[in-house]
Amino acid sequence: MKVRIYYEDTDAGGIVYHTNYIKYCERARSEHFFSRGMMPGEGNKSGFVVRKIDADFLGSARLGDLLEVRTSVEEFKKSSLILLQEIYKEETKLFSMKVMLVYVEAGKPRRIPEKLANILLDFGE
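To keep things clear, this report deals only with the structure shown in the data block.

Reading guide: rules and limits
- Residues numbered from 1 in each chain as written.
- Predicted model: local features only at pLDDT ≥ 70, side-chain atom pairs only at ≥ 80, totals over all residues.
- Heavy atoms only, no water.
- Helix = DSSP H or I, 4+ residues; strand = E, 2+ residues; numbered from the N terminus.
- Rg over C-alpha atoms; globule rule 2.2 N^0.38 Å.
- Buried < 20%, exposed > 50% of the residue type's maximum accessible area, 1.4 Å probe, protein only.
- Contact = heavy atoms within 4.5 Å.
- Areas by Shrake-Rupley, 256 points an atom, 1.4 Å probe, with all protein chains shown as cover.
- Lys, Arg positive; Asp, Glu negative; His and termini not counted.
- Charge placed at Lys NZ, Arg CZ, Asp CG, Glu CD.
- Expected span 1.5 Å × (residues − 1).
- Arc of directions from axis to C-beta.

**Looking at the overall build of the protein chain**
Secondary structure assignment for the protein chain yields 2 helices and 6 strands. Secondary structure of the protein chain in N-to-C order comes out as β-α-β-β-β-β-β-α. Since a compact globule built from 125 residues should have a radius of gyration of about 14 Å, the 15 Å found for the protein chain is in line with a globular shape. On the principal axes, the C-alpha backbone points of the protein chain span a range of 45 × 25 × 25 Å. The 125 residues of the protein chain split such that 40% are buried. A fraction of 63% describes how many contacts in the protein chain between residues 6 or more apart in sequence connect residues 24 or more apart. For the protein chain, the computed accessible surface area is about 7500 Å², with 49% contributed by carbon and sulfur atoms. Taking the 20 positively charged and 19 negatively charged side chains of the protein chain as two groups, their mean positions are separated by 6 Å.

Next up, the structure:
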């Protein structure tokens, strides 16, 4: 997914504020579902929650930059998965994170439904 950096994304020096990299990754995950006519959950009592994030800030993006969020599946289990999400400016990696997502229903971990699993497993295609 492509992301353009706007003034609202930056600090006073025109550099992207660090938490925005995590937001861009979240948007890429959501957009992956939206582009397939789906929501990232099944109804208002189920969906994915972030269990853990391990993030590396490797460089800085600036106002006007065009970035690309790349996502791949590192590990897939019955109720959770780990995604590798990286943000690039052209071929320079600026950010990398591993995020563990758990599928919950009514606040409890549940098996990821097959139709959602299929969408998740086609990241990067």
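**Considering helix α1 (residues 19–34)**
For α1, which comprises 16 residues, the first-to-last C-alpha distance of 23 Å matches the rise-based estimate of 22 Å (1.5 Å per residue) to within 8%. Looking only at α1, the buried set comprises Asn20, Tyr21, Tyr24, Cys25, Ala28, Arg29, Ser30, His32 and Phe33. Of the surrounding elements, those touching the buried residues of α1 are β1 (2–4), β2 (46–57), β3 (66–76), β4 (80–89), β5 (92–105) and α2 (114–121).

**With respect to the side chain of Ser79**
Mapped onto the elements of the fold, Ser79 is located in the loop between β3 and β4. Apart from the residues within four sequence positions on either side, Ser79 is in contact with Leu101, Val102, Tyr103, Pro109, Arg110, Arg111 and Ile112.

**What to know about unusual backbone geometry**
At Glu90, a residue that is not glycine, the phi angle is positive and equals roughly 55°. For Glu90, the position within the fold is in the loop between β4 and β5. In this structure Glu90 comes out as exposed when scored by relative accessible area, which is 66%. A positive phi angle, near 55°, is found at Ala106, a position not held by glycine. Within the secondary structure, Ala106 is located in the loop between β5 and β6 (108–109). Judged by its relative accessible area of 61%, Ala106 is exposed.

**Focus on α2**
Buried within α2 we find Leu116, Ala117, Ile119 and Leu120. One side of α2 carries all its buried residues, which in axial view fall inside an arc of 160°. Packed against the buried residues of α2 are α1, β2, β3, β4 and β5.

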